[in-house]
Amino acid sequence: MTIQTIETTPYADQKPGTSGLRKRVSVYSQPNYVENFIQSIFDSLDGYEGKTLVIGGDGRYYNDVAIQKAIRIAAANGFGKVLVGENGLLSTPAASHIIRHYKAFGGLVLSASHNPGGPEGDFGIKYNIGNGGPAPEKITDAVFARTKVIDSYKTVDAPDVALGEVGQHWSGDMVVEVIDPVADYAALMKSLFDFPAIREMFASGFTMTFDAMHAVTGPYAHAILEGMLDAPRGTVINGTPSPDFGNGHPDPNLVYCKEMFDLLMTPQGPDFGAASDGDGDRNLIIGKNRFVTPSDSLALLAANAHLAPGYKGGIAGIARSMPTSAAADRVAEKLGIEMHETPTGWKFFGNLLDAGRVTICGEESAGTGSSHVREKDGLWAVLLWLNILAVRKQSVDEIVREHWATYGRNYYTRHDYEEVDAAIAGKLVEDLREQLPSLPGRNFGDDLQVAYADDFTYHDPVDGSTSAKQGVRIGFTDASRIVLRLSGTGTVGATLRLYLERYEAPDGRHDLETQMALEPLIALADDLAGVKQRTGRQEPSVIT
Ligand code: VG1
Ligand code: CO
């Protein structure tokens, strides 16, 4: 095998964000852009010689090109084996499981997740470590430092691997095994959930729509829901992955899944609706006449997890990202288990999961998961919901209302201002940060008194690391909250995320329209941060 060392020059913009390096395809297709980043990842790791690397992606445009490059660079750098999903496909949670299951050294997940795909869309690469989870900041910082000085990368002079053929192949001296992307993951799901009970529920007429959004979960959902659980054919819609997601936006929210939402709000709609994103780690849950906010879903899944065989012994603890509502905190309190608040992004849950301190984790951005892998997992959340519905034999709406009557309701919304001028957005957050010390104790309107105001700093209780500036939070004495942060996954300008939350006790009013219920906080947030005036936007781009 000839290993070639190719000279290259650094790119200045290869800083990994919330979840890997996401850029426009036009940026990624510059000469050596992929090569530089992957070589920089390998240069930041130790001890992988002869070990296994997992590679898979969500099937978006440019996956095929990048995977072949990644395989050659892995071979030249001395990996012993690459495991890659057939046709280059692996959902993010399946990749996490494959890394763990086959005790691989780590993995490359090629995806820009919920960002649009296609030649004009986004592409992304993320490195996951041996526990199956996203690399922690220590590694992503080292990778970024390396990208700034890299002067060569290694590759082999080998032909493309036939990714359409399951079985053993070679790239130089390295084995490349093309595997069924679904089988191991499906077996894991079967081990966690009461498949006979769910099958029985479908057999007795329960109806569901799962929107795979032309993204990676299609094959998984077809195999598990229609194949193993006998849901009628047609339960899964948009189930064939396409490089540009059918020209859609694979973000499972009420904007991009509006059609399904509308259907669920009609009497002739199915009993249950769900969707997942580009790489299969997010979930959207809608019952008949009841949308479940991701923050509520986290709390509900944690409170009911013991109904599924995989969690029948109870859960050790719960973790949520800081902007996620505190609904889950109330469940943890009642169960007498640990509760952790981490910065945005799944990489912060890894240590807590590895240490056995938490079992279930979640984010307000439609991400929930558990210790079964080290990523959020869209289909897992859908299957846990189905398991709970099959056992409790109630509707989603009834279950949600009972939950609120027990724990109270955390009204919650997120307002996104997308593609805002980066300088304006940065200054806005900076100015708000400066106001923070003066806020505690101040009263706004009749019943809002600031209890605390800070820029969230996370102290990892497992490895002692600290992550500062993770988002501005203003908390009120009645448990209401305003949070503001800049997105770390966008690829154009800046995206401002404004998160609003208000708590209603168990005996309070639970039937208000969310935006109405949060109106005073929305207005106050705008007064304090000046979002509308500074960005010139009258409305958020997306409300979830
Ligand atoms: C967003 C979400 C965050 C999530 C991340 C990756 O990050 O807010 O909760 O972990 O996307 O999700 P940001 O920095 O844009 O707010 V995925 O499904 O795109 O990998
Ligand atoms: Co995703």
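Each chain has its residues counted from 1, following the order in which its sequence is written. Going through the entries in the order they are written, you letter the chains from A and number the ligands from 1. Totals for whole chains, interfaces and linings use every residue, but because this is a predicted model, local features are given only for residues with pLDDT of at least 70 and side-chain atom pairs only at 80 or more, for both listing and counting. Calculated side-chain values reflect all of the structure's heavy atoms, with hydrogen atoms and water omitted.

Asker: When you look at the coordination of the cobalt ion (ligand 2) in this model, what are you seeing that I'm missing?
Answerer: Angles between donor atoms at a metal ideally measure 109.5 degrees for a four-coordinate tetrahedral arrangement and either 90 or 180 degrees for a six-coordinate octahedral one. Only nitrogen, oxygen and sulfur atoms qualify as donors, and only when within 2.8 Å of the metal (3.2 Å in the case of Na, K and Ca); with water excluded, sites may look incomplete. Bound to the cobalt ion (ligand 2) on the protein side are Ser113 (OG), Asp277 (OD), Asp279 (OD) and Asp281 (OD), at distances that span 1.9 to 2.1 Å. Counting the intervening residues between successive donors of the cobalt ion (ligand 2) yields the motif S-x163-D-x1-D-x1-D. Here the two residues aspartate 277 and aspartate 279 agree in accessibility, since each one is buried. Exposure classes here rest on a 1.4 Å probe applied to the protein chains alone. A residue is buried below 20% of its type maximum, exposed above 50%, and partly exposed in between.

Asker: Explanation requested: the packing of aromatic side chains in the structure shown.
Answerer: Aromatic ring pairs are reported here in terms of the distance separating the ring centres and the angle at which the planes meet. Side-chain rings of Phe, Tyr and Trp, where Trp is taken by its six-membered ring, are said to pair if the distance between their centres is within 6.5 Å; with planes under 30 degrees apart they count as stacked, over 60 as edge-to-face, and otherwise as tilted. Scanning the entire structure with this criterion turns up 15 aromatic pairs. Both rings, one in phenylalanine 206 and one in phenylalanine 272, keep their centres 6.3 Å apart while their planes meet at 40 degrees; by these two values the pair is tilted. One end of the pair, phenylalanine 206, is in the loop between helix 7 (195-203) and strand 10 (208-211); the other, phenylalanine 272, is in strand 12 (residues 272-275), and 66 residues separate them in sequence. Residue phenylalanine 206 is classed as buried on the basis of its relative accessible area of 14%. To qualify as a helix, a DSSP run of H or I must reach at least 4 residues; to qualify as a strand, a run of E must reach at least 2; elements of each kind are numbered from the N terminus.

Asker: I tried to follow the domain arrangement of the protein on my own but got confused; where do I start?
Answerer: Many authors give the size of an interface as the accessible area that is lost as the parts come together. Note that the domain bounds were set by an automatic or database domain assignment. Domain boundaries assigned for the protein yield domain 1 (3-180), domain 2 (185-407) and domain 3 (409-543). Once you take the C-alpha centre of each, domain 1 and domain 3 turn out to be 35 Å apart. Whether two residues touch is decided by their heavy atoms; if any such pair falls within 4.5 Å, the residues are in contact. Across the boundary between the two partners, domain 1 contributes nine residues, which contact seven residues of domain 3. Of the roughly 600 Å² buried at the junction of domain 1 and domain 3 (both faces included), carbon and sulfur atoms supply 40%. Counted as salt bridges are all cases of a side-chain nitrogen of Lys or Arg within 4 Å of a carboxyl oxygen of Asp or Glu. For the pair domain 1 and domain 3, the number of links is zero salt bridges. When two parts are put together, the accessible area they lose, computed with a 1.4 Å probe and summed over both, is reported as buried area.

Asker: Hey, could you run me through the packing of helix 13 (residues 378-392) against helix 14 (residues 396-407) in this one?
Answerer: When two helices pack together, their arrangement is given by the angle between the helix axes and the distance between those axes. For helices, the axis comes from a line fit to the C-alpha atoms of the stretch in contact; other axes are also lines fit to C-alpha atoms, and the angle between any two N-to-C directions lies between 0 and 180 degrees. In the contact formed by helix 13 and helix 14, the axes pass within 10 Å of each other and the chain directions differ by 90 degrees. As far as their axial angle goes, helix 14 and helix 13 are roughly perpendicular. In this structure, helix 13 contributes Trp385, Ile388, Leu389 and Arg392 to the contact, and helix 14 contributes Val396, Ile399, Val400 and Glu402. Put simply, Ala, Val, Leu, Ile, Met, Phe, Trp, Tyr, Cys and Pro go in the nonpolar bin, Asp, Glu, Lys and Arg in the charged bin, and everything else, Gly too, in the polar bin. Here the contact of helix 13 with helix 14 is composed, by residue class, of six nonpolar, no polar and two charged. If an angle is under 35 degrees, it is roughly parallel; if it is over 145, roughly antiparallel; if it lies from 65 to 115, roughly perpendicular; otherwise it is oblique.

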